[in-house]
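# A structural walkthrough
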Amino acid sequence: MLLESFFKLKEHGTDVKTEVIAGFTTFLTMAYIVIVNPAILSITGMDFNAVFVATCLAAALGTGIMGLVANYPIALAPGMGLNAYFTFTVVKGMGVPWQAALGAVFISGIVFLAVSLFKVREAIVNAIPQSLKFAISAGVGLFLAIIALKNAGVVVDHPATLVTLGDLHDPRVLLAILGFFIIVALEYRRVHGSIIIGILTVTALSIALGLSKFEGVVAPVPSMAPTFMHMDLNGALTAGLLGVIFVFFFVDLFDTTGTLVGVSHRAGLLDKDGKLPRLKRALMADSVAITAGAVMGTSSTTAYIESAAGTAVGGRTGLTAVVVAILFLACLWISPLAKTVPAYATAPALCYVAVLMTRGLAEINWDDLTESAPAVMTAVAMPFTFSIADGIAFGFISYAAIKILSGRFADLKPAVLVIAGLWVVKLAMF
């Protein structure tokens with residue numbers, strides 16, 4: 001059988017039926033991205049429908065390559081956190097045109113491809129303190145949380161206290177809170193597709209209450225012309241965006257690596273030395289998807305931790321990923337449904353993803369202040385400065401400074417000092 005031999009199903013202790021079920025399971029846990037990603041990126045002025053198409057195609061391309069080339073049951077799609085950084089920090093915060101921001105994404109993908117091919121990735125990852133890896137993931141989660149609470153209307157701005165509680169009499173706010181409760185309860189009960197169920201439930205209630213309008217379900221595939229090939233490479237190469245390119249590259253580097261290792265470990269796919277076979281192929285799938293996604297019109301693509309849902313039901317090979325890729329392609333015909341979903345319906349999904357990402361704080365060594373203090377600075381700075389980049393900068397700078405002043409200079413690897421120095425220069429000059 002072709003599928004049997006190509007994906008080595010027997011060798012991995014699985015079969016076609018199990019892989020297909022695993023593919024559907026993974027897809028249901030992450031299908032929310034086709035709704036949430038265009039909703040976030042459209043805030044920059046990008047065309048919603050074009051971003052919707054780019055999201056589906058980038059996810060299908062990256063996941064397909066992961067399955068066919070690397071033979072891993074891991075799905076990829078535009079990353080949560082990276083799309084928020086793209087929208088709220090780079091475009092809205094720095095005033096960068098979205099075309100230049102797409103150019104920065106494209107360049108970061110090229111850099112990612114280069115370090116994957118020349119094995120620079122291992123050297124970089126091994127040099128970064130473990131505490132900062134956990135903190136960066138948690139900080140992105142907290143950043144997503146404050147964005148979600150803002151979109152839901154749970155928190156609003158205040159001239160004296162910066163933020164305060166929103167209007168809990170507003171039915172939209174109450175629906176968003178209900179959506180979060182539904183998602184968490186369904187996840188606890190191990191109901192597959194809990195996130196998309198929560199989003200669609202809030203959307204249905206919103207329509208029933210007359211708070212939003214139903215746009216339909218199926219329609220011809222929208223045009224990608226408003227965003228296709230609109231990236232501005234010259235604008236992205238200006239000095240002010242070099243730090244942005246670095247952040248896109250850095251966050252995706254650790255997000256993808258952590259997801260690959262974590263999901264593979266849970267699925268029993270690591271070798272006897274605890275390493276990931278075919279790692280270069282897996283990272284190439286991600287880098288190709290990043291560059292292609294930027295060309296089509298979406299922010300950085302990354303491996304999704306939700307892939308663990310598919311491995312939990314037996315997915316062990318790239319056939320699982322291929323099934324997910326096919327389902328993402330099928331999503332191209334449901335753009336009206338995506339437009340029907342209001343922002344306060346997707347906010348619960350962001351909050352739930354934030355819950356998952358902040359778990360990294362538990363892994364920090366709290367008995368060593370020289371490790372825990374920089375980690376907390378990293379995680380807390382991201383939501384409070386409304387910038388992932390500033391959080392990473394505070395983390396590296398504080399880590400290097402605290403280690404040196406504490407007489408723990410031997411703990412510092414040269415790469416950490418270099419990165420911290422680059423952030424100091426970046427913050428001082430730009």
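Our structure's up above, just so we're on the same page.
Below is a summary of the structure that appears in this document. (Residues numbered from 1 in each chain as written. Predicted model: local features only at pLDDT ≥ 70, side-chain atom pairs only at ≥ 80, totals over all residues. Heavy atoms only, no water.)

### Brief notes about the packing of helix α8 (residues 130–152) against helix α18 (residues 369–385)
Running from N to C, α8 and α18 cross one another at 25°; their axes reach a closest spacing of 7 Å. In terms of axis orientation, α8 runs roughly parallel to α18. The handedness of the crossing between α8 and α18 is right-handed. Contacts between α8 and α18 involve S131, L132, A135, I136, A138, G139, V140, L142, F143 and I146 from the first element and E371, P374, A375, T378, A379, M382 and P383 from the second. (Axes fitted to C-alpha atoms, helices over the stretch in contact; angles between N-to-C directions. Helix = DSSP H or I, 4+ residues; strand = E, 2+ residues; numbered from the N terminus. Parallel < 35°, antiparallel > 145°, perpendicular 65-115°, else oblique. Left-handed = near helix turned anticlockwise from the far one by under 90°. Contact = heavy atoms within 4.5 Å.)

### Things to note about unusual backbone geometry
Positive phi outside glycine occurs at K8, with the angle close to 55°. One non-glycine residue, N71, lies in positive phi territory at about 60°. When you line up the elements, N71 lands in the loop between α4 (48–70) and β1 (76–78).

### Let's talk about the packing of aromatic side chains
Evaluation of the coordinates by the stated rule reveals nine aromatic pairs. Here F86 and F248 contribute two aromatic rings whose centre-to-centre distance is 6.3 Å and whose plane-to-plane angle is 40°, an arrangement assigned as tilted. Placement of the pair is F86 in helix α5 (residues 82–91) and F248 in helix α12 (residues 242–267), with a sequence separation of 162 residues. A ring pair is formed by F143 and F386, whose centres lie 5.1 Å apart and whose planes are at 75°; its orientation type is edge-to-face. (Phe/Tyr/Trp six-rings, centres within 6.5 Å; stacked < 30°, edge-to-face > 60°.)

### With respect to helix α17 (residues 343–357)
Given a rise of 1.5 Å per residue, 15 residues ought to cover 21 Å, and the 21 Å separating the end C-alpha atoms of α17 matches this to within 8%. Counting buried residues along α17, twelve of its 15 residues qualify, which places the element largely inside the surrounding structure. Burial in α17 covers these residues: Y344, A345, T346, A347, P348, A349, L350, C351, Y352, V353, A354 and M357. Buried positions along α17 lie against α3 (33–41), α8, α9 (171–188) and α10 (194–208). (Expected span 1.5 Å × (residues − 1). Buried < 20%, exposed > 50% of the residue type's maximum accessible area, 1.4 Å probe, protein only.)

### As for a nonpolar patch on the surface
Together, F214, V217, V218, V221 and W333 make up a nonpolar patch on the protein surface, roughly 470 Å² of accessible area in all. For F214, the position within the fold is in the loop between α10 and α11 (233–236). (Patch = residues over 30% accessible without salt bridge, like charges linked within 9 Å, V, L, I, M, F, W, Y side chains within 5 Å. Areas by Shrake-Rupley, 256 points an atom, 1.4 Å probe, with all protein chains shown as cover. Salt bridge = Lys/Arg side-chain N within 4 Å of Asp/Glu carboxyl O.)

### Digging into the pattern of salt bridges
A complete count under the given rule lists five salt bridges for this structure. Of the charged contacts, one joins K403 and E371 as a salt bridge, the two residues approaching to 2.9 Å between their closest N and O atoms. Of this pair, K403 sits in helix α19 (residues 388–405) while E371 is found in helix α18, placing the two residues 32 residues apart along the sequence. According to the relative accessible area criterion, E371 is buried, its value standing at 14%. Salt bridges here are not isolated pairs; linked through shared partners, they connect D368, E371, K403, R408 and D411.

### Remarks on the environment of A176
If you trace the backbone, A176 turns up in helix α9. Taking C-alpha positions, A176 is 9.4 Å from A148, a pair spaced 28 residues apart along the chain. Ignoring anything within four residues of it in the chain, the contact list for A176 reads A152, Y344 and P348.

### Considerations on the pairing of strand β3 (residues 162–165)
Looking at chain direction, strand β2 (residues 155–158) and β3 are connected through four bridges and run antiparallel. Residue V156 lies in a different strand from β3, and its bridge partner there is T164. Between β2 and β3, which pair antiparallel in sequence order, lie three residues. (Pairing = 2+ DSSP bridges.)

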